Amino acid sequence: YWSSVDAIRVAANLHYHIHCFTCNECGCELVNTGFFTKLAKYYCTEDYHALFGTLCNLCQKYIEGEGLSVQGKGKSYHISCLTCTKCGGRFDEGSRITFEKDQTLCDECKVSERQQSSGNHICSACHTQIVGTSIFAMEQEWHMNCFTCMECRKPLTGEYMCKDGVPYCEEDYQTQFGQCCNICSEF
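Cut-offs used in this document
Residues numbered from 1 in each chain as written. Predicted model: local features only at pLDDT ≥ 70, side-chain atom pairs only at ≥ 80, totals over all residues. Heavy atoms only, no water. Helix = DSSP H or I, 4+ residues; strand = E, 2+ residues; numbered from the N terminus. Areas by Shrake-Rupley, 256 points an atom, 1.4 Å probe, with all protein chains shown as cover. Disulfide = S-S within 2.5 Å. Buried < 20%, exposed > 50% of the residue type's maximum accessible area, 1.4 Å probe, protein only. Contact = heavy atoms within 4.5 Å. Pairing = 2+ DSSP bridges. pLDDT = per-residue confidence, 0-100. Core = buried A, V, L, I, M, F, W, Y, C linked by side-chain atoms within 4.5 Å.

Enquirer: Any details on the overall build of the protein chain? Residues and values, ideally.
Expert: When you go through the protein chain residue by residue, the secondary structure sums to 3 helices and 12 strands. When the accessible surface of the protein chain is summed, it comes to about 12500 Å², and 47% of that surface belongs to carbon and sulfur atoms.

Structure follows, in structure tokens:
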């Protein structure tokens, strides 16, 4: 017998007794807390992060939310934890960040560093000399109009996604490689 006091509805046809709706890992009740689901199992926040979460390489806290993290050199960071190695400046969401050797550089410091070095700069896409403004991404230099999404060919300015050394805009990356939410159907 189901009473509205004793039950919780998690999805259209998924109902649980309040005392049965528990974390798959630790068994705590999930009714009054946030929870995550993965492979049709429910987890409390702490266990989900411990099992599947991503730690910021600098502060060692879990990264949550969209637009709050950046990946470089196989490591993940909160955008608020990263600073430019040269000038110490912080990065804003959408900032260009260059991971080069053991440095994290803002766009201004990267341009300054490039101007100080000598030699020709060759575009990674068209293999012609770069004169003037360029983009440094994925450890390569590009003409501004050559750094484009592999799928839609739109120029990439600001944030982009990379798969197997190939740049994509976020929309095309999510369409091809993203995980769609079973509840809201969004990536």
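Enquirer: So what's going on with the state of the cysteines? Residues and values would help.
Expert: Counting across every chain of the model gives 0 disulfides. With no disulfide of its own, Cys28 lies closest to Cys26 among cysteine sulfurs, the gap being 3.5 Å. According to the relative accessible area criterion, Cys28 is partly exposed, its value standing at 29%. With no disulfide of its own, Cys146 lies closest to Cys123 among cysteine sulfurs, the gap being 3.8 Å.

Enquirer: Describe helix H1 (residues 45-52), listing the residues and the values that go with them.
Expert: Every buried residue of H1 is listed here: Asp47, Tyr48 and His49. Buried residues belonging to H1 abut strand S3 (35-38) and strand S4 (41-44).

Enquirer: Outline the pairing of strand S9 (residues 134-137), supporting the account with residue identities and numerical values.
Expert: Residues Ser134 and Phe136 line one face of S9 and the alternating positions Ile135 and Ala137 line the opposite face, and both faces are buried. Relative to strand S10 (residues 140-143), S9 runs antiparallel, the two sharing 4 bridges. Across the sheet, Ser134 pairs through a bridge with His143, a residue of S10. Linkage of S9 to S10, two consecutive antiparallel strands, is achieved through a turn of 2 residues, within which Met138 is found at a positive phi near 55°.

Enquirer: Can you lay out the confidence of the model for the protein chain for me, pointing to particular residues and giving the numbers?
Expert: Predicted confidence across the protein chain gives a mean pLDDT of 78, with 80% of residues reaching 70 or more. Taken element by element, the predicted model of the protein chain shows its lowest mean pLDDT in strand S5 (residues 69-72) (60) and its highest in S4 (89).

Enquirer: Lay out the nonpolar core with the relevant residues and their values.
Expert: Residues Cys123, Ala137, Trp142, Phe147, Cys149, Leu156 and Tyr168 are the most contacted members of the largest nonpolar core, which totals 14 residues. Contributing elements (two or more residues each) for this core: S9 and strand S12 (166-168). Sequence-distant contacts of Cys123, defined by excluding residues within four places in its chain, comprise Thr128, Ile130, Glu141, Trp142, His143 and Cys146. Counting 12 residues, the second-largest nonpolar core is a separate cluster that includes Cys56, Ile79, Cys84 and Phe99.

Enquirer: Describe the environment of Asp107, listing the residues and the values that go with them.
Expert: Assignment of secondary structure puts Asp107 in helix H2 (residues 107-116). The exposure class assigned to Asp107 is partly exposed, which follows from its relative accessible area of 33%. When the C-alpha atoms of Asp107 and Ile135 are compared, they prove to be 8.8 Å apart, with 28 residues separating the residues in sequence.

Enquirer: So what about unusual backbone geometry? Which residues, and what values?
Expert: Where the residue is not glycine, phi is negative for most of them; where a peptide bond is considered, it is trans in most cases. Non-glycine residue Met138 carries a positive phi angle of around 55°. Residue classification places Met138 among the buried positions, given a relative accessible area of 19%.

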